Every structure is written in C-alpha cells, then in structure tokens.
Amino acid sequence: MAKDSFLVGLIGAGIGPSLSPALHEREADRQGLRCLYRLIDIDVLGVRPEAVGDLVRAARDLGFDGLNITHPCKQLVIGHLDALAPQAEALGAVNTVVFENGRATGHNTDVTGFAASFARGLPDVPLERVVQLGAGGAGAAVAHAMLTLGAGRVTVVDALADRAVELAASLNRHFGEGRAAGATPDRLPRLLADADGVVHATPTGMAAHPGLPFPADLLRPELWVAEVVYRPLETELLRTARALGCATLDGGGMAVFQAADAFRLFTGREPDAARMLGDIAELAGVVGAPK
C-alpha cells in the first residue's frame, strides 16, 4: 500500500515567515495525502548553524521523511549526509534531504526551481553579461541555473572574495573557461554599468534582513533585476527597480518550483505547480510577473 502520510521540515535561521509549510501541506491535501511540515529555526533553538548535522540526525531518528535546508545551512549540511545527488554534488549545496532506509541523501531543487521561474517570468531578456550578488548556497544554485539558461558570462560578487572566486572556478570547470568570474562589491559600479541584468542571491531584503543590497543609484531602466528572496515578495530592491522601469522577477516563482520538486522527492507524487503558484499568489501577493 502506498504511503499517504508524511512528516517533513525546514532547517534554517529566521524562517518564521516561510511559506513552505503552507505550500507543501496544501498540495498534499489536494492529493489526498497528510503532510505535517515543521519549522526548525536555529535562531529559536539558540544553536549555531554548525548544529545542522545534529538536527538532521535527530529528524531522521524521529521518523521524518525529509527536510528542506535553507540559509545558512545549505553548505554546512553536506558533511552530515550519506549521499549526494549529482546536482547537489556539482553545486556543493543542498536544499532538500530525503530519508530512506536510514540514509540521508542530499538534493538541490534550487537550480531547477530558479531556472523554471526565470524562463517563465523573464523569457526574452538579454543574458550576455549577468552580475550576481551572493556566492552562498542559493548563489551557487542560481549561477548554475543562469549558465544553464544560456548566460554568456556570470560575474559573482561576494563580500567574501575567496568564496566568489571559488564559485566562479567551479562554474568554469562545469560550463567552460571564461563563463564565470568572481569579484568584490567595490567593483559593482563598473560591473552593473556594463551588465544586461543582475540576480540578487543574498539574504538582504528578507523580513529579518531589510534594506538594499547595493546603492539604488547603480540601477538603470535597461537593467533587468531577478530576486531570490520571496518573503516579502516585493523587496526594497524590486520596488526600487520597478519604479525605475526595470524588468523584474520576484522570488515567488523560484519558491514554488523548488518546492514542487522537493514535494516530488518527499512523496513520490507529481505536484501541480500551477496550483502551487496560485497558492503563493494568495499567501504572499501576485507572484512572478515581470513589470
């Protein structure tokens, strides 16, 4: 008899506003499944990100079917897993863990999630020169997605110079020399002046991290702006960019498509992404439309 009840969760920091529980539980209800989705917030627990291994082991021992992993644990969790799916191994970042037969396998649905959202929301924008802010777990996934979508060159900007350089080197090994470069924030004025678009993949703009990731005067109407943050759905960056006339993409579509892929991994059932887009539109406002 097929399993019809699932216990899953999300490990991360400041995740109280997450819509993942509602997205997974609503889709499960429509499919006649029972899904209990728990938030495991390291801020609430008062533990450091390095505790993610203990939390994963506890969830496995308590009978969880799987976990989503978010900032700041997507890279830290890798050393505590039994196996990695090829995509997660290539990225060096995990956002989904599936427990099966006592083993924990790491996956990454951020790449496919962002790619699907971008193709849907900004289908015709130029991609020759892309600037990306953030070289963390989400940043690795988004950079892979952009190059998979056909970006000519992605310059990854991070305050931690070594992290940006390491991600760029990994991207060049995977996609070919010259497709990626690393840079520090002091180079942003020159980079954005020459770019077709910018992808924002840092926590800045989240409910717990308000503000702009770079000065507003670096934006210009010809620049498209894609956001990874989805809570709030309209970040200060998107609001500022839209006011200038930039084509924009909010983080809601990525949240839905990565959740749909994770739902499939957790349950073995095929999710209805269109219904889930309707869910996030209802829960967080109109989603994904370029403006």
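Rules used throughout
Residues numbered from 1 in each chain as written. Predicted model: local features only at pLDDT ≥ 70, side-chain atom pairs only at ≥ 80, totals over all residues. Heavy atoms only, no water. UniProt positions renumbered as here; feature names shortened; annotations may be inferred. Helix = DSSP H or I, 4+ residues; strand = E, 2+ residues; numbered from the N terminus. Buried < 20%, exposed > 50% of the residue type's maximum accessible area, 1.4 Å probe, protein only. Contact = heavy atoms within 4.5 Å. Phe/Tyr/Trp six-rings, centres within 6.5 Å; stacked < 30°, edge-to-face > 60°. Lys NZ or Arg CZ within 6 Å of the ring centre and 35° of its normal. Salt bridge = Lys/Arg side-chain N within 4 Å of Asp/Glu carboxyl O.

K.L.:
What's the story with the UniProt feature "binding site: shikimate" (unreviewed entry) in the protein chain in this structure? I'm lost.
P.N.:
Mapped onto this numbering, the UniProt entry annotates "binding site: shikimate" (unreviewed entry) at Ser 18, Leu 19, Ser 20, Thr 70, Asn 95, Asp 110, Tyr 230 and Gln 258. Turning to its location among the elements, Ser 18 is positioned in the loop between strand S1 (5-12) and helix H1 (20-30). Taking the relative accessible area as the measure of exposure, Ser 18 reaches 16% and is therefore buried. If near-sequence neighbours (up to four positions away) are discounted, Ser 18 is found in contact with Leu 10, Leu 39, Tyr 230 and Arg 231. The class for Gln 258 is buried, based on a relative accessible area of 12%. Setting aside its immediate chain neighbours within four residues, Gln 258 contacts Asn 95, Thr 109, Asp 110 and Gly 113.

K.L.:
How do you make sense of the packing of aromatic side chains when you look at a structure like this?
P.N.:
Any two aromatic rings considered together are summarised by their centre-to-centre distance and by the angle between their planes. On inspection of all chains with the given rule, the structure shows two aromatic pairs. Measuring from centroid to centroid gives 5.8 Å for Phe 114 and Phe 118, while their planes differ by 40°, and the two rings are tilted. A residue pair is termed a helical-turn pair when its members lie 3 or 4 positions apart in one helix, as Phe 114 and Phe 118 do in helix H5 (residues 110-121) at four residues. The same class applies to Phe 114 as to Phe 118, namely buried. Joined through ring pairs, the aromatic side chains of Phe 114, Phe 118 and Trp 224 make up one cluster. We note Lys 3 situated over the ring of Phe 6; from NZ or CZ to the ring centre the distance is 5.4 Å.

K.L.:
I would appreciate a short explanation of the pattern of salt bridges in the present structure.
P.N.:
Note on pairing: side chains with opposite charge can pair once their charged atoms come close. Overall, the coordinates contain 19 salt bridges when judged by the stated rule. Between Arg 48 and Glu 50 there is a salt bridge, with its nearest N and O atoms 3.4 Å apart. For Arg 48, a relative accessible area of 61% gives the class exposed. Classification of Glu 50 by relative accessible area gives partly exposed; the value is 46%. Each of Arg 26, Glu 27, Arg 30, Asp 272, Arg 275, Asp 279 and Glu 282 takes part in salt bridges that share partners, so that together they form one network.

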